2 protein chains.
Amino acid sequence: MDKQGKEAEDIFVQRCRSSGLRLTPQRLAVYESLSGDKSHPSAEKVFRKVRKMIPNISFDTVNRTLLSFVSCGILKAVESYGRVKRFDPGLGEHHHFQCLKCGKIIDFEYPDFASFRVPETIRRKFVVMGRRIVLTGICDSCR
Amino acid sequence: MDKQGKEAEDIFVQRCRSSGLRLTPQRLAVYESLSGDKSHPSAEKVFRKVRKMIPNISFDTVNRTLLSFVSCGILKAVESYGRVKRFDPGLGEHHHFQCLKCGKIIDFEYPDFASFRVPETIRRKFVVMGRRIVLTGICDSCR
DNA sequence: CTCGGTGCAAAATGTTTGCAAGTAC
DNA sequence: GTACTTGCAAACATTTTGCACCGAG
């Protein structure tokens, strides 16, 4: 593992500790498989990727790991129009375009969104944890 | 039905015709049940509501009706973090706050969003049909 | 050693499909 | 009369749960 990878792993170990999660090979593999992944994979897709590292890992473990990572903030769940839950390592603010036909999600940047302020009516009643512009439509390959 | 309701029904009939959908009592009931509904209901919830008007309607009919309404633009599907598809009569631009615990969706307005321009990189490759700010967090009753 | 995590299997939940009978046009 | 819709049931896909064994701390 390179220096950057080592650093990332340290951060991960740190986060597990502070969330009270034990450090298991399965969790590390799920984490490594997702960090840097921009494809917003489903649990199934993560499972297939992780199985290359740990061939006898079960789907349930992957799925439970993903859900617990979401609960403690290591990953983010992605808004979706389909039937499958999808995940995002979610570093930094970015926005999504999602194809209504194939479900593909494309990230984009929109620096001007920095000036967005959560309306008083929302802020007064709710704890806001995520913010994002979501576009929908039809992607090039589905047209 | 009052005058406004009559007008809404006319629009609905119009839309069905131009989409090649036949006008059935079931479809009209689904449409009426959703128009003006701000709760972003799931198919199951729409089913329960429609069944009060047509007691022997089946869940499948409601679900298929919702899906075909989405295809022809009479309704919109709502982005979601849960496992259930949800629907929105979707008149006019508005934005969503969704509770990550209970899934409740609250609409809000943000007039400044009118100045949002879809980035060139997206516009060049994709057909954009919907645009919205999506906030996530924890609602007052889940805290 | 202890408690949380894993893997397997079963159950639950939600969505989609096939088809005969019914109905809008 | 024809083609689209409906209702029922079965098939599918995906997520969640229960539990005995295992392994990190």
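Please refer to the structure higher up on the page.
Residues numbered from 1 in each chain as written. Chains lettered and ligands numbered in written order. Predicted model: local features only at pLDDT ≥ 70, side-chain atom pairs only at ≥ 80, totals over all residues. Heavy atoms only, no water.

Peer 1: Explain helix H3 (residues 43–50) of chain B to me, using residue names and the numbers behind them.
Peer 2: Residues and elements named next belong to chain B. Here H3 has its buried residues at Ala43, Val46, Phe47 and Val50. For H3, the buried positions fall inside an angular range of 105° around the axis, keeping them on one side. In this fold, the buried residues of H3 make contact with helix H2 (25–34), helix H4 (59–71) and strand E2 (86–88). (Buried < 20%, exposed > 50% of the residue type's maximum accessible area, 1.4 Å probe, protein only. Helix = DSSP H or I, 4+ residues; strand = E, 2+ residues; numbered from the N terminus. Arc of directions from axis to C-beta. Contact = heavy atoms within 4.5 Å.)

Peer 1: Run through the interface of chain A and chain B, naming residues and quoting values.
Peer 2: In this assembly, 36 residues from chain A lie in contact with 36 residues from chain B. Around 3,100 Å² of area is buried between chain A and chain B when both sides are counted, 66% of it from carbon and sulfur atoms. Area buried by chain A at its contact with chain B is led by Tyr81, Phe126 and Leu135 of chain A, which between them contribute 17% of it. Residues Lys125 of chain A and Asp140 of chain B are paired through a salt bridge, measuring 3.6 Å at the closest nitrogen-oxygen approach. Connecting chain A to chain B are 14 residue pairs in polar contact (both at pLDDT 80 or more). Looking at the side of chain A that touches chain B, the elements with two or more residues in it are strand E1 (76–78), strand E4 (105–108), helix H5 (120–125) and strand E5 (127–138) of chain A. The element best represented in the side of chain A that touches chain B is E5 of chain A, accounting for 12 residues. (Buried area = accessible area lost by both parts, 1.4 Å probe. Salt bridge = Lys/Arg side-chain N within 4 Å of Asp/Glu carboxyl O. Polar contact = N/O pair within 3.5 Å; in protein donor to acceptor, adjacent residues only side chain to side chain.)

Peer 1: Can you break down the sheet that holds E5 of chain A residue by residue, with the values?
Peer 2: Taken in spatial order, the 6 strands make up an open sheet running E4(A)-E3(A)-E5(A)-E5(B)-E3(B)-E4(B), and their pairing is mixed. Since the sheet does not close on itself, it has two edges, and those belong to E4 of chain A together with strand E4 (105–108) of chain B, each with one partner. Put simply, the sheet's adjacent strands are angled 30° from each other on average, direction ignored. Across 4 bridges, strand E3 (residues 95–99) of chain A lies against E4 of chain A in antiparallel orientation. For Gln98 of chain A, the partnering residue across the bridge sits in E4 of chain A and is Ile105 of chain A. (Pairing = 2+ DSSP bridges. Axes fitted to C-alpha atoms, helices over the stretch in contact; angles between N-to-C directions.)

Peer 1: Quick rundown of the protein's contact with DNA strand C? Include the residues and the values.
Peer 2: As a structural note, the neighbourhood of DNA strand C is formed by 21 residues, with Thr24, Arg27, Asp60, Thr61 and Arg64 of chain A the closest of them. When the atoms of DNA strand C within 4 Å of the protein are sorted by group, sugar and phosphate make up 63%. The separation between a base oxygen of DNA strand C and a polar side-chain atom of Asp60 of chain B is 3.3 Å. One nitrogen or oxygen atom from the side chain of Arg64 of chain B is found 3.4 Å from a base oxygen belonging to DNA strand C. For the surface near DNA strand C, the element with the highest residue contribution is H4 of chain B, accounting for 5 residues. When its residues are assigned to classes, the surface near DNA strand C shows 6 nonpolar, 6 polar and 9 charged. (Near = heavy atom within 4 Å. Nonpolar A, V, L, I, M, F, W, Y, C, P; charged D, E, K, R; others polar.)

Peer 1: How would you explain the protein's contact with DNA strand D if you had to name every residue and give the values?
Peer 2: Residues and elements named next belong to chain B. If you check the shell around DNA strand D, you find 21 residues, and the closest are Thr24, Arg27, Asp60, Thr61 and Arg64. The protein-proximal atoms of DNA strand D, defined as those within 4 Å of the protein, are 63% sugar or phosphate. A distance of 3.0 Å is found between a phosphate oxygen of DNA strand D and a side-chain nitrogen or oxygen belonging to Arg27. Between DNA strand D and Thr61 there is a distance of 2.7 Å, counted from a phosphate oxygen to a side-chain nitrogen or oxygen.

Peer 1: Mind laying out a nonpolar patch on the surface, listing which residues take part and the relevant values?
Peer 2: Taken together, the side chains of Leu100 of chain A together with Val127 and Met129 of chain B define a hydrophobic patch exposed on the protein surface, amounting to about 270 Å² of accessible area. With respect to the helices, strands and loops of the structure, Met129 of chain B is situated in strand E5 (residues 127–138). Using a relative accessible area of 54% as the deciding quantity, one classes Met129 of chain B as exposed. (Patch = residues over 30% accessible without salt bridge, like charges linked within 9 Å, V, L, I, M, F, W, Y side chains within 5 Å. Areas by Shrake-Rupley, 256 points an atom, 1.4 Å probe, with all protein chains shown as cover.)

Peer 1: Residue-level account of the relation of the copies chain A and chain B, with values.
Peer 2: Taken together, a rotation about one axis and a shift along it account for how the two chain copies relate. Aligned on chain B, chain A shows an RMSD of 0.1 Å; the corresponding rotation is 180° and the shift along the axis is 0.0 Å. Taken together, these values place the two copies in the relation of a two-fold axis. Every residue of chain A has its C-alpha some distance from the rotation axis, and the shortest such distance is that of Ile133 of chain A, at 2.2 Å. When the interface residues of chain A are mapped onto chain B, 100% of them again fall at the interface, so both copies present the same face. (Least-squares fit on C-alpha atoms with pLDDT ≥ 70 in both.)

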